[in-house]
Amino acid sequence: MAPLLSVRDLRTWFDEEHLTAKAVDGVSFDLGRGETLGIVGESGSGKSVTNLSIMRLVPSPPGRVVSGEIVFDGRDLLTLPAEEMRHIRGRRIAMIFQDPMTSLNPFMRVSQQLMEVTRLHLGHSRSEAHEHAVHMLETVGIPDARRRVDGYPHEFSGGMRQRVMIAMALSCKPELLIADEPTTALDVTIQAQILELIKTLKQDTGTSVIMITHDLGVVAGMTDRILVMYAGRIVESAPTSELFERPSNPYTAGLLRSVPDPTDDSHAPLYQIPGLPPDVARLPPGCPFAPRCARAETICREQFPPFVQLAPQHHSLCHFAVELYESGTIAAAPAGRTPSDDDAENQ
Amino acid sequence: MEKVTIVPEVAGTEPVVGTSLWRDAYKRLKKNRLAVLGFMVVCIIVLASAVGPWIIQQTTGYTYDYIPTDPALVTSQPPFTAPDGSFAWTHPMGTDDAGRDILARVLLGGRISLMVGVISTLVSLIIGIAVGATAGYLGGRVDEAIMRFVDVLYSIPYMMVVIVLLAFFGGRSPISQLFLLFIALGAVSWLTMARIVRGQVMSLKSQEFILAARATGVPAARIILRHLVPNTLGPVIVYATLTIPSVMLLESFLSFLGLGVQAPLASWGSLSADGIQNIAVFPWQLICPGLTMAVTLFSLNFLGDGLRDALDPQMRKG
């Protein structure tokens with residue numbers, strides 16, 4: 001079956017004064033129906049811009065999609081007329097944002113904001129939409145939904161607002177849900193609840209999900225596949241369990257080592273990748289990760305690495321990808337840490 | 001399950017679901033005594049202007065343009081004075097040269113002055129919000145073009161524009177003159193409003209709830225009207241309440257020059273202009289309309305200041 005979403009060689013650049021920041025530079029991936037894809041990377045790695053490009057919401061100027069194809073259910077979103085794109089947003093592709101404190105309009109009742117979506121896309125009447133809003137709030141687990149639905153956003157806590165955002169995103173039963181760091185702004189206990197909620201709703205509705213995060217722990221328990229992004233490119237893509245077991249890119253390995261392990265009693269300082277992410281407007285000629293990479297050799301600084309296929313679903317952007325894959329032991333995760341542990345953590 | 005935040009129940013203060021930010025602002029406004037006083041004075045003056053002339057007509061028979069038929073009464077009497085010099089309630093503000101009741105004229109003038117203030121401000125509000133929100137939301141070249149146009153208009157002395165407009169098109173009838181005044185004053189005072197709204201919209205545009213609205217496929221016009229404009233209303237209301245007195249002042253200035261309201265209609269400005277000619281002999285002809293106007297403008301300014309404090313975004317609770 002054709003994938004629901006197929007991104008091919010997407011390049012989204014931002015024009016700065018004299019330079020061009022290549023925020024996304026040649027990203028390709030597929031997403032099947034009902035599949036959950038995790039996109040992981042540091043700030044500025046291009047994960048959010050990738051998804052804004054899918055929604056065609058990249059601020060322009062200065063941003064522009066230079067090339068590529070985003071085929072959603074057989075149609076290229078990048079060439080769609082603006083009006084048709086508007087009908088896809090919210091109706092077939094929905095988005096959840098990072099900060100629930102600012103993603104609801106403070107001057108509109110929650111009910112009005114929920115109703116706006118369904119009245120727009122499903123042609124609901126006022127009363128139908130209101131009923132649907134109550135139903136959606138109940139679905140996302142807001143107690144006393146009928147009374148609270150007419151409240152204002154400032155009367156809801158952060159976790160509750162994120163639930164409202166999820167309710168809003170799911171009210172038209174979209175085929176694709178993009179969650180852009182949905183738990184970053186929430187505290188840990190609420191994080192787990194929200195992730196659990198997204199997981200349950202996904203199972204109930206069969207929606208495909210793209211989960212953007214910089215926290216590997218978040219994606220471990222709920223994604224089928226993971227893309228690791230660095231400096232606007234995909235540096236590794238693999239099924240979740242394989243990525244955790246056999247990370248074949250030094251950057252992925254570094255990310256995995258920097259996840260704190262609560263079972264570790266050694267009191268050793270937590271590993272961190274040295275250096276800072278590069279400025280995507282001034283990339284070095286070779287591998288963008290080379291300056292921070294422990295494995296880097298001369299070739300890394302001079303030649304751009306190939307995107308090596310290691311297994312049917314496993315690719316890595318590294319000169320030494322095969323070597324790393326074969327050795328399989330660059331001590332990715334700290335000892336004793338496996339994906340199943342992460343699973344347990346997120347339950 | 002997530003816990004519901006339960007506000008501890010104090011007797012009688014049940015948490016109300018659906019308290020808007022406006023209600024919070026109203027609470028803060030009520031604490032500001034000067035603003036409340038200003039609000040009350042404004043209300044009284046509005047009410048008096050609305051029904052006052054009718055009451056005077058019912059009790060004394062005087063209207064704003066009634067000139068007594070008895071030649072003995074066609075003379076300016078001081079406040080609270082009967083023709084024979086004794087105390088009387090008939091004319092609390094006295095009469096003018098033609099024997100017309102000044103109170104009736106001041107109240108009618110109040111109607112016109114307030115109407116000029118409110119309607120011209122509304123005109124400037126509509127133009128300013130439309131232009132400012134469009135420029136701010138669309139940004140880029142459209143914004144650049146619109147705002148440079150506004151800058152050009154800023155540089156033209158607005159008084160000249162109004163005077164030219166009024167002198168050129170005015171004078172057909174008192175009513176058409178009045179409409180021209182509304183439009184002329186509105187047309188010169190929308191510039192600052194447009195800048196304020198644009199600034200607000202630009203800072204709101206980058207907020208996530210606007211992105212969220214776009215991501216749910218809300219059309220641009222609807223985003224501007226339903227999401228952006230209501231969020232700019234705080235500063236806009238404050239500026240509007242402060243625009244009303246400044247427009248009223250402008251109107252009285254024009255009327256004072258003889259360009260504004262035409263006889264037999266009157267505004268506080270034209271009444272003052274009439275009064276100043278006789279200031280040495282009949283001071284009440286100037287003092288009465290002038291004082292009424294000063295009190296009203298003071299009150300409106302106090303109210304505007306109070307609203308600014310109440311709606312200040314920095315004081316708003318997250």
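Keep in mind it's a predicted model, so treat the numbers as computed, not measured.

(A) Geometry of the overall build of chain B. Within chain B one finds 10 helices and 0 strands. In chain B, the order of α-helices and β-strands from amino to carboxyl end is α-α-α-α-α-α-α-α-α-α. Looking at chain B residue by residue over its 318 residues, the buried ones come to 41%.

(B) View of helix α7 (residues 208-215) of chain B. Residue and element names in this part refer to chain B. The element α7 is largely enclosed, with a buried count of 7 among its 8 residues. Of the positions making up α7, those classed as buried are F209, I210, L211, A212, A213, R214 and A215. Once α7 ends, the next one or two residues include G217, with phi positive near 80°.

(C) Here's a closer look at the sheet that holds strand β1 (residues 5-15) of chain A. Residues and elements named next belong to chain A. Spatial strand order, β2-β1-β4-β5: 4 strands in an open sheet with antiparallel pairing. On the outer flanks of this sheet lie β2 (20-31) and β5 (75-76), each paired with one strand and no other. Of the pairings in the sheet, the one linking strand β4 (residues 63-72) to β5 comprises 2 bridges and is antiparallel in character. In the strand pairing of β5, V71 is matched with D76. Each of β1, β2 and β4 is contacted by helix α1 (residues 47-55), which is oriented at about 70° to β2, the strand it contacts most.

(D) Quick peek at the environment of L80(A). Residue and element names in this part refer to chain A. Note that L80 resides in the loop between β5 and α2 (82-88). With 24 residues separating them along the chain, L80 and R56 place their C-alpha atoms 9.9 Å apart. Excluding its chain neighbours within four sequence positions, the residues that come into contact with L80 are R75 and M85.

(E) A look at the nonpolar core. I166(A), A167(A), A169(A), A179(A), I210(A) and V228(A) are the most contacted members of the largest nonpolar core, which totals 104 residues. When residues of this core are assigned to their parent elements, the largest contribution, 8 residues, is made by helix α6 (residues 158-170) of chain A. Apart from residues lying up to four places away in sequence, V228(A) is in contact with V40(A), G41(A), I234(A), V235(A), E236(A), N249(A), Y251(A), T252(A) and L255(A). With 65 residues, the next largest nonpolar core counts I112(B), V229(B), W284(B) and L311(B) among its residues.

Reading the values: the criteria
- Residues numbered from 1 in each chain as written.
- Chains lettered and ligands numbered in written order.
- Predicted model: local features only at pLDDT ≥ 70, side-chain atom pairs only at ≥ 80, totals over all residues.
- Helix = DSSP H or I, 4+ residues; strand = E, 2+ residues; numbered from the N terminus.
- Buried ≥ 20, exposed ≤ 12 C-beta atoms within 10 Å, placed from the backbone.
- Pairing = 2+ DSSP bridges.
- Contact = placed C-beta atoms within 7 Å.
- Axes fitted to C-alpha atoms, helices over the stretch in contact; angles between N-to-C directions.
- Core = buried A, V, L, I, M, F, W, Y, C linked by C-beta atoms within 7 Å.

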